Amino acid sequence: MLAGLAGLAALPLLAACSPEDPLAAQAGNADGKNYIAGDGSVLEIAPEDRGDPVRFTSTAFSGEAVDSAHWAGSPVVLNFWYAACAPCRVEAPDLQSLSEEWEPEGVRFMGVNVRDTAGTAAAFERNFGITYPSLEDRGGQVLLAMTDFVPPQAVPTTIVLDRQGRVSARILGVAERSTLSSLISTAAQEPADESAGGQA
């Protein structure tokens, strides 16, 4: 397992990958990339096919306790990242810009850092002007919670949750700005009762 996913090897992140899966192949090589690259592929899930809301608790680098159940009613963008990941650095300015653009619409952005200490994460955030919070997930709790829905399978991965916390979209690899904005727009325009699926 590459250093970029150190500490995650025990999780079933790539367990479902076939031997021909390029992500699985990258996970086992030693080409020095320091990350498992996604191909930029986009998965969109229709409201009727989304299943149950994602549920997890975690802690932000600020020390604040975070419970995904408290996000009900707001679309959420989860971005899995770490500081030494080159594609994460590429997409960081767009993620910050989109977080500012969509904040007035009630859309929440949350980073999920899979590797770094608080100091390393803070340096990255200062460098790129990131103002939305990140969860410290070196233990893989959030990552593990996502494997029942859409395993991230790459770093970076960006997941959009609808107003009831269900996965509505996933981008493997760099989140291209216009693509992510369109996915957020879809989730934001859905009425809360339509995406509820009976969940309060």
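Our subject is the structure listed above.
In this report, we go over the structure that sits alongside the text. (Residues numbered from 1 in each chain as written. Predicted model: local features only at pLDDT ≥ 70, side-chain atom pairs only at ≥ 80, totals over all residues. Heavy atoms only, no water.)

So, about the overall build of the protein chain. Within the protein chain, the regular secondary structure consists of 5 helices and 8 strands. Each helix and strand of the protein chain, placed in order from N terminus to C terminus, yields the pattern α-β-β-β-β-α-β-α-β-α-β-β-α. In the protein chain, which comprises 200 residues, the proportion classed as buried is 50%. Total accessible area on the protein chain stands at roughly 8800 Å², and carbon and sulfur atoms take up 50% of it. (Helix = DSSP H or I, 4+ residues; strand = E, 2+ residues; numbered from the N terminus. Buried < 20%, exposed > 50% of the residue type's maximum accessible area, 1.4 Å probe, protein only. Areas by Shrake-Rupley, 256 points an atom, 1.4 Å probe, with all protein chains shown as cover.)

Further remarks concern the sheet that holds strand β6 (residues 134-136). Taken in spatial order, the 6 strands make up an open sheet running β1-β8-β7-β4-β5-β6, and their pairing is mixed. Edge positions in the sheet fall to β1 (42-44) and β6, since each has one partner strand and no second. On average, each strand axis in the sheet is tilted by 15 degrees relative to the strand beside it, whichever way the strands run. The sheet contact formed by strand β4 (residues 76-81) and strand β7 (residues 157-161) spans 5 bridges and is antiparallel. Residue pairing across strands places Leu 78 opposite Ile 159, the latter belonging to β7. The strands touched by helix α2 (residues 86-102) are β4, β5 (108-113) and β7; relative to β4, the strand with the most contacts, the crossing angle is about 160 degrees. (Pairing = 2+ DSSP bridges. Axes fitted to C-alpha atoms, helices over the stretch in contact; angles between N-to-C directions. Contact = heavy atoms within 4.5 Å.)

This part is about the nonpolar core. Residues Leu 78 and Phe 80 are the most contacted members of the largest nonpolar core, which totals 47 residues. Those residues in contact with Phe 80, other than ones at most four positions away along the chain, are Cys 88, Val 112, Val 114, Val 142, Leu 143, Met 146, Pro 152, Val 155, Pro 156, Thr 157 and Ile 159. (Core = buried A, V, L, I, M, F, W, Y, C linked by side-chain atoms within 4.5 Å.)

Time to look at unusual backbone geometry. Omega for the peptide link from Val 155 to Pro 156 comes to 5 degrees, which places this bond in the cis form. Mapped onto the fold, Pro 156 is located in the loop between α4 (141-146) and β7.

Let us now look at the state of the cysteines. A full pass over the atoms with the stated rule returns 1 disulfide. With a sulfur-sulfur separation of 2.4 Å, Cys 85 is cross-linked through a disulfide to Cys 88. Of note, the bridge from Cys 85 to Cys 88 carries an S-S torsion of about 80 degrees and is right-handed in sense. For the pair shown, Cys 85 and Cys 88 are each scored as buried. (Disulfide = S-S within 2.5 Å.)

The next subject is the packing of aromatic side chains. Across all of its chains, the model carries 4 aromatic pairs by this definition. With a centroid separation of 4.5 Å and an interplanar angle of 35 degrees, the aromatic rings of Trp 81 and Phe 124 are classed as tilted. Taken as a pair, Trp 81 in strand β4 and Phe 124 in helix α3 (residues 118-128) lie far apart in primary sequence, 43 residues in all. The pair formed by Trp 81 and Phe 124 is uniform in burial state, with each residue classed as buried. Ring geometry for Phe 109 and Tyr 132: centres 5.6 Å apart, planes at 50 degrees, overall tilted. Highlighted residues: Phe 109 in strand β5 and Tyr 132 in the loop between α3 and β6, separated in sequence by 23 residues. Neither Phe 109 nor Tyr 132 differs from the other in exposure class; each is buried. (Phe/Tyr/Trp six-rings, centres within 6.5 Å; stacked < 30°, edge-to-face > 60°.)

Let us now look at the pairing of β4. Residues in a regular strand point their side chains to alternate faces of the sheet. With 6 of its 6 residues buried, β4 lies for the most part within the structure. Taking every second residue as pointing to the same face, both faces of β4 are buried, with Val 76, Leu 78 and Phe 80 on one and Val 77, Asn 79 and Trp 81 on the other. Inspection of the sheet shows β4 paired to β5 by 6 bridges, in the parallel sense. When the bridges of β5 are listed, Leu 78 appears paired with Met 110.

Attention now moves to the pattern of salt bridges. Scanning the model with the defined rule gives 5 salt bridges in all. Of the charged contacts, one joins Glu 136 and Arg 138 as a salt bridge, the two residues approaching to 3.0 Å between their closest N and O atoms. One salt bridge in this structure joins Asp 162 and Arg 166, with 3.0 Å as the shortest N-O distance. A relative accessible area of 0% means that Asp 162 is categorised as buried. Each of Arg 50, Asp 162, Arg 166 and Glu 190 takes part in salt bridges that share partners, so that together they form one network. (Salt bridge = Lys/Arg side-chain N within 4 Å of Asp/Glu carboxyl O.)

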